[in-house]
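What follows is the residue order along each chain.
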Amino acid sequence: EKEEHDGICGCPLAGQVITTDGEVCTKPKRACTRHVAWEKLRLAEIDMERVEQDLKLEGSFDEMRRAKSRIANRTNLMQILLNATVEHTNIETRNQEVLPTQNQEA
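Residues numbered from 1 in each chain as written. Predicted model: local features only at pLDDT ≥ 70, side-chain atom pairs only at ≥ 80, totals over all residues. Heavy atoms only, no water.

Engineer: Mind laying out the overall build of the protein, listing which residues take part and the relevant values?
Structural biologist: The secondary structure content of the protein amounts to two helices and zero strands. A buried classification covers 8% of the 106 residues belonging to the protein. Sequence separation of 24 or more characterises 26% of the internal contacts of the protein that already satisfy a separation of 6 or more. Accessible surface for the protein amounts to roughly 9,900 Å². Of this, 54% is attributable to carbon and sulfur atoms. (Helix = DSSP H or I, 4+ residues; strand = E, 2+ residues; numbered from the N terminus. Buried < 20%, exposed > 50% of the residue type's maximum accessible area, 1.4 Å probe, protein only. Contact = heavy atoms within 4.5 Å. Areas by Shrake-Rupley, 256 points an atom, 1.4 Å probe, with all protein chains shown as cover.)

Encoded structure:
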């Protein structure tokens, strides 16, 4: 990419933040030695900010996934606690014990 050498430098002067009403360097690009390749540096900063935001967003998604998993596990635990476990072998033994006593009463 060939840079345009016919304009002003345009580097923001107030705290290196680009604003609509902020002051910018008005020296010609060729004559400004203080702000050499400031556009490339600013683009690199913006890219780094984007990467940081992506990492934070990814961390938030992971945290949300873990929270949903914990909620699902709690739901499973509640189902286990609220439902009785049936042992089929004991039911057959009880039925055999109860049936003869019912036949004797009748």
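Engineer: Can you lay out unusual backbone geometry for me, pointing to particular residues and giving the numbers?
Structural biologist: For Ala37, which is not glycine, the phi torsion reads 55° and is therefore positive. Mapping Ala37 onto the fold places it in the segment before helix H1 (38–82). Classification of Ala37 by relative accessible area gives partly exposed; the value is 28%.

Engineer: If you had to explain a positive patch on the surface to someone new, which residues and values would you point to?
Structural biologist: On the surface, Arg65, Arg66, Arg70 and Arg74 cluster together into a patch of positive charge. Among the secondary structure elements, Arg70 is positioned in helix H1. The class of Arg70 is partly exposed, set by a relative accessible area of 45%. (Patch = residues over 30% accessible without salt bridge, like charges linked within 9 Å, V, L, I, M, F, W, Y side chains within 5 Å. Salt bridge = Lys/Arg side-chain N within 4 Å of Asp/Glu carboxyl O. Lys, Arg positive; Asp, Glu negative; His and termini not counted. Charge placed at Lys NZ, Arg CZ, Asp CG, Glu CD.)

Engineer: Any details on the side chain of His35? Residues and values, ideally.
Structural biologist: Mapped onto the secondary structure, His35 falls in the segment before H1. Take His35: its relative accessible area is 12%, and that puts it in the buried class. Those residues in contact with His35, other than ones at most four positions away along the chain, are Cys9, Cys11, Leu13 and Cys25.

Engineer: Please provide a residue-by-residue account of a nonpolar patch on the surface, values included.
Structural biologist: Together, Leu57, Phe61 and Met64 give the surface a local cluster of nonpolar side chains, amounting to about 300 Å² of exposed area. Take Phe61: it is sitting in helix H1. Take Phe61: its relative accessible area is 48%, and that puts it in the partly exposed class.

Engineer: Please provide a residue-by-residue account of the state of the cysteines, values included.
Structural biologist: Counting across every chain of the model gives zero disulfides. Free of any disulfide, Cys11 has its nearest neighbouring cysteine sulfur in Cys9, separated by 5.3 Å. Classification of Cys11 by relative accessible area gives buried; the value is 1%. Here Cys32 stays free of any disulfide, with the sulfur of Cys9 as its closest cysteine sulfur at 3.7 Å. (Disulfide = S-S within 2.5 Å.)

From the geometry alone we can't say anything about function, so treat these as descriptive.
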